Amino acid sequence: MNDSDSLRWLEIFGYGFLIWIVEILARAALYGVQGYSDRALVVIMILGLTVASVATILYLPKCTGNRRLEGLVMAVSWAVICVGLDMLVFSSGLGRNFGYEQFDAEKYLARDGWIYSYLLIVGICGGFLSHASDSVQRRAEGTKAVMDNLH
């Protein structure tokens, strides 16, 4: 593993942690006010989706390899980071503040864990869109070079 791989994973982890911290703070704020209402869930998902979209836009253009694969790796990494940190927090004493008196992984995945499925959608779609836009840009540059040679 070289330095660029280490920095890549550090950046992926940093964005994943940022997504998780925004969501956990939103949950903490909204759970105290509304519990687990539909409105609170929508607000939490919109905040997470916004942060994930911005992180995807900032991260993927810097990738030099296969952006489709990079989007998939990024998405799965973010989902694992967020679910893992949630399980760590909810299984600790803080879980009682979010309605988990007795933490159960199955109960968590059914009630909260599925929320992070949008990370998979954002990462995979972002990777494919970034790859497609890069292909179009390379094709346009090639056409421009051919046209310049004709003149």
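Preceding this paragraph is the structure being described.
Okay, so let's go over this structure. Remember, predicted model here, so these are calculated numbers, not experimental data. (Residues numbered from 1 in each chain as written. Predicted model: local features only at pLDDT ≥ 70, side-chain atom pairs only at ≥ 80, totals over all residues. Heavy atoms only, no water.)

1. Here we look at the overall build of the protein chain
Broken down by element type, the protein chain carries 5 helices and 0 strands. Counting from the amino terminus, helix and strand elements in the protein chain follow one another as α-α-α-α-α. Within the protein chain, the fraction of its 151 residues that count as buried is 34%. Partitioning the intrachain contacts of the protein chain with sequence separation of at least 6 by distance along the chain shows that 73% fall at a separation of at least 24. About 9,000 Å² of surface is accessible on the protein chain, with carbon and sulfur atoms providing 67% of the total. (Helix = DSSP H or I, 4+ residues; strand = E, 2+ residues; numbered from the N terminus. Buried < 20%, exposed > 50% of the residue type's maximum accessible area, 1.4 Å probe, protein only. Contact = heavy atoms within 4.5 Å. Areas by Shrake-Rupley, 256 points an atom, 1.4 Å probe, with all protein chains shown as cover.)

2. Structural notes on the packing of aromatic side chains
Counted according to the given criterion, the structure contains 2 aromatic pairs. With 6.3 Å between their ring centres and 20 degrees between their planes, Phe 13 and Phe 17 make a pair best called stacked. Taken together, the positions of Phe 13 and Phe 17, both in helix 1 (residues 3–34) and 4 residues apart, correspond to about one turn of that helix. Relative to Trp 20, the ring of Phe 17 lies with its centre 5.7 Å away and its plane at 40 degrees, an arrangement referred to as tilted. Residue Phe 17 and its partner Trp 20 are both found in helix 1; the two are separated by 3 residues, about one turn of the helix. In textbook terms, an aromatic cluster arises when at least three aromatic residues are bridged by ring pairs, as seen for Phe 13, Phe 17 and Trp 20. (Phe/Tyr/Trp six-rings, centres within 6.5 Å; stacked < 30°, edge-to-face > 60°.)

3. Here's the deal with the environment of Asn 66
Mapping Asn 66 onto the fold places it in the loop between helix 2 (38–59) and helix 3 (67–91). Looking at Asn 66, the relative accessible area reads 38%, which means it is partly exposed.

4. Things to note about the nonpolar core
Ile 19, Trp 78, Tyr 116 and Leu 119 are the most contacted members of the largest nonpolar core, which totals 25 residues. Contributions of two or more residues to this core are made by helix 1, helix 2, helix 3 and helix 5 (117–150). (Core = buried A, V, L, I, M, F, W, Y, C linked by side-chain atoms within 4.5 Å.)

5. Remarks on a nonpolar patch on the surface
Taken together, Leu 69, Leu 72, Val 76, Val 80, Leu 120, Ile 124 and Phe 128 make up a surface patch of nonpolar side chains, about 580 Å² in accessible area. Counting only elements with at least two residues in the nonpolar patch, the list comes to helix 3 and helix 5. Turning to its location among the elements, Leu 72 is positioned in helix 3. Overall, the relative accessible area of 38% leaves Leu 72 in the partly exposed class. (Patch = residues over 30% accessible without salt bridge, like charges linked within 9 Å, V, L, I, M, F, W, Y side chains within 5 Å. Salt bridge = Lys/Arg side-chain N within 4 Å of Asp/Glu carboxyl O.)

6. Brief notes about helix 3
One turn of an α-helix holds 3.6 residues; hence residues three or four places apart share an orientation. Under the 1.5 Å per step criterion, the end-to-end length of helix 3 is 35 Å for 25 residues, consistent within 8% with the ideal 36 Å. Two to three positions downstream of the cap, the backbone nitrogen of Arg 68 sits 3.0 Å from a side-chain oxygen, assigning the N-cap of helix 3 to Asn 66. (Expected span 1.5 Å × (residues − 1). Polar contact = N/O pair within 3.5 Å; in protein donor to acceptor, adjacent residues only side chain to side chain.)

7. Examining the pattern of salt bridges
Per the counting criterion, the structure on display carries 4 salt bridges. Where Glu 11 meets Lys 62, a salt bridge forms, and the shortest distance between an N and an O atom there is 2.4 Å. Of the two residues, Glu 11 is situated in helix 1 and Lys 62 in the loop between helix 2 and helix 3; the sequence distance between them amounts to 51 residues. Arg 27 is the partner of Asp 86 in a salt bridge, and the nearest nitrogen-oxygen pair spans 2.9 Å. Of this pair, Asp 86 sits in helix 3 while Arg 27 sits in helix 1, placing them 59 residues apart in sequence. Given a relative accessible area of 2%, Arg 27 falls into the buried group. What you see here is one network of salt bridges that share partners, running through Glu 23, Arg 27 and Asp 86.

8. Remarks on the environment of Trp 114
You can see Trp 114 is positioned in the loop between helix 4 (105–111) and helix 5. For the pair formed by Trp 114 and Val 83, sequence separation is 31 residues and the distance between their alpha carbons is 9.0 Å. Among residues more than four places away in sequence, those in contact with Trp 114 are Leu 41, Met 45 and Leu 109.

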